[in-house]
Amino acid sequence: MQVTVLGCNAAFPRAGGACSGFLVDGGGAKVWIDAGNGTFANMQRVASWRELDAMIITHGHADHISDVLPLMYAMGLDDNPRDEPLPVHAPAEAEQRLRALLGGGRSSELFNKVFAFQPLGGDFSVKGLSVRPFRTEHPIDSYGVRLSADGRDVVYTSDTAFFPDLPDACAEADLLIAEATYVGEVSADGGVHMWARETGRLARDAKVKRLVLTHIWATFDPKQAEAEARESYDGPIEAATEGNVYTV
Ligand SMILES: [Zn+2]
Ligand SMILES: [Zn+2]
């Protein structure tokens, strides 16, 4: 299984960066997970939208859904369109927020034509890639996902505060892509995101084989996030950067 980082910042991107997104290639399927602003441009460096088998949107926050709309125009006005709409697995709230942005008219017709939205929650497969969503601790309906193919597991936490069942959801993953929004003693509301030290403890307790930090606040130093996660976890750690490819 291969995971390409399309974007790794929280809320807003640093100069030249992008918000959350990953392209997963596994079990013969190409699946785009989260479409933060800037991710569509980066995805086209490695794949065409025509090659996508499915999309997963973990929740309806803008830094995870923004680039669904440019994808809609690319697909809807394509000279060489796909035969079937693209399956998009997403919480209902994410779909509603995207529809509200469109405001009806021709764009809404395109939206209905190119996408087949399906509620995210239960297990499903895309070709040989198995997807197991789990609910996270975040202010709106939000999910992480465990992706399995060819005997390998990748877990992406998406946005979440730490919660007691999280290590189980991430247990023994070959690759854990976990959010580490904050570093140091930064103060922020609880119940929304994790600090890098919490992410390190999560990786340790879940006994994962490799940790990639993502959803890093654009003004924080990713090297600091790595160092703080390393205080608890002694496996390989790396902060995500657009274009990085992880093979498990
Ligand atoms: Zn986010
Ligand atoms: Zn969020």
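Peer 1: Let's hear about the coordination of the zinc ion (ligand 2): which residues, and what values?
Peer 2: Expected angles at a metal are 109.5 degrees for tetrahedral coordination by four donors and either 90 or 180 degrees for octahedral coordination by six donors. Note on the zinc ion (ligand 2): its protein donors are His 59 (NE2), His 61 (ND1), His 138 (NE2) and Asp 159 (OD). The metal-donor distances range over 2.1 to 2.3 Å. Classification of the site at the zinc ion (ligand 2) rests on its four donor atoms, whose angles at the metal span 90 to 164 degrees, yielding the label irregular. Counting along the primary sequence, the residues that act as donors to the zinc ion (ligand 2) give the motif H-x1-H-x76-H-x20-D. Taken as a pair, the zinc ion (ligand 2) and the zinc ion (ligand 1) show a spacing of 3.5 Å, with Asp 159 coordinating each metal. One end of the pair, His 138, is in the loop between β9 (129-135) and β10 (143-149); the other, Asp 159, is in the loop between β11 (152-156) and α6 (166-170), and 21 residues separate them in sequence. In this structure, His 138 and Asp 159 share a single accessibility class: buried.

Peer 1: Would you mind going over the coordination of the zinc ion (ligand 1) in detail, with residue names and values included?
Peer 2: Note on the zinc ion (ligand 1): its protein donors are Asp 63 (OD), His 64 (NE2), Asp 159 (OD) and His 215 (NE2). The metal-donor distances range over 2.1 to 2.2 Å. Along the chain, the residues that donate to the zinc ion (ligand 1) are spaced as D-H-x94-D-x55-H. By relative accessible area, His 215 is classed as buried at 3%.

Peer 1: Explain the packing of helix α4 (residues 92-102) against helix α5 (residues 105-114) to me, and be specific about the residues and the numbers.
Peer 2: Closest axis-to-axis distance for the α4/α5 pair is 8 Å, and the angle between their directions is 150 degrees. Comparing their axes, α5 and α4 come out roughly antiparallel. Each of Glu 95, Leu 98, Arg 99 and Leu 102 in α4 lies in contact with α5, whose residues at this interface are Ser 107, Ser 108, Phe 111 and Asn 112. Grouping the amino acids of the contact of α4 with α5 by side-chain chemistry returns three nonpolar, three polar and two charged.

Peer 1: Summarise the pattern of salt bridges; cite the residues concerned and give the values.
Peer 2: Counted under the stated rule, the structure contains 18 salt bridges. Across the salt bridge formed by Asp 25 and Lys 30, the nearest N and O atoms sit 2.6 Å from each other. As a salt-bridge pair, Glu 51 and Lys 30 come within 4.0 Å of each other at their nearest N and O atoms. A residue pair is termed long-range when its members are at least 10 positions apart, and Glu 51 in the loop between α1 (39-43) and β5 (54-56) and Lys 30 in strand β4 (residues 29-33) qualify at 21 residues. Linked by salt bridges that have partners in common, Glu 185, Arg 197, Glu 228 and Glu 231 make up one network.

Peer 1: I'd like to hear about the nonpolar core, residue by residue, with values.
Peer 2: Trp 32, Met 55, Ile 57, Leu 71 and Phe 115 are the most contacted members of the largest nonpolar core, which has 29 residues in total. Every element with two or more residues in this core is listed here: α1, α3 (68-76), β6 (86-90), α4, α5 and β7 (115-119). In terms of residues, this core owes the most to one element, α3, which gives six residues. When residues no more than four places from it in sequence are discounted, the contact partners of Met 55 are Val 31, Trp 32, Ala 35, Val 68, Leu 71, Leu 86, Pro 87, Val 88 and His 89. Of all hydrophobic cores here, the second largest spans 28 residues; its members include Leu 166, Met 194, Val 208 and Ala 239.

Peer 1: Talk me through the pairing of β10; I want residue IDs and the actual numbers.
Peer 2: Where burial is concerned, most of β10 is hidden: six out of the seven residues are buried. Bridge analysis of β9 against β10 gives six bridges, and the strand direction is antiparallel. Note on β10: the bridge partner recorded for Val 131 is Leu 147. Note: β10 against β11, five bridges, orientation antiparallel. Looking at the pairing, Val 145 lines up with Tyr 156 of β11. Joining the antiparallel neighbours β10 and β11 is a turn of two residues, in which Asp 150 adopts a positive phi near 50 degrees.

Peer 1: Residue-level account of the sheet that holds strand β1 (residues 2-7), with values.
Peer 2: Read across the sheet, seven strands follow the order β7-β6-β5-β4-β3-β1-β16 without closing on themselves; strand pairing throughout is mixed. For this open sheet the edge positions go to β7 and β16 (245-247), each flanked by a neighbour on one side alone. The mean inter-strand angle of the sheet, taken between neighbouring strand axes irrespective of direction, is 20 degrees. Note that β6 and β7 share five bridges and pair parallel.

Criteria and cut-off values
- Residues numbered from 1 in each chain as written.
- Chains lettered and ligands numbered in written order.
- Predicted model: local features only at pLDDT ≥ 70, side-chain atom pairs only at ≥ 80, totals over all residues.
- Heavy atoms only, no water.
- Donors = N, O, S within 2.8 Å, 3.2 Å for Na, K, Ca; no water.
- Tetrahedral: all angles 85-135°; square planar, octahedral: opposite > 155°, others 65-115°.
- Helix = DSSP H or I, 4+ residues; strand = E, 2+ residues; numbered from the N terminus.
- Buried < 20%, exposed > 50% of the residue type's maximum accessible area, 1.4 Å probe, protein only.
- Axes fitted to C-alpha atoms, helices over the stretch in contact; angles between N-to-C directions.
- Parallel < 35°, antiparallel > 145°, perpendicular 65-115°, else oblique.
- Contact = heavy atoms within 4.5 Å.
- Nonpolar A, V, L, I, M, F, W, Y, C, P; charged D, E, K, R; others polar.
- Salt bridge = Lys/Arg side-chain N within 4 Å of Asp/Glu carboxyl O.
- Core = buried A, V, L, I, M, F, W, Y, C linked by side-chain atoms within 4.5 Å.
- Pairing = 2+ DSSP bridges.

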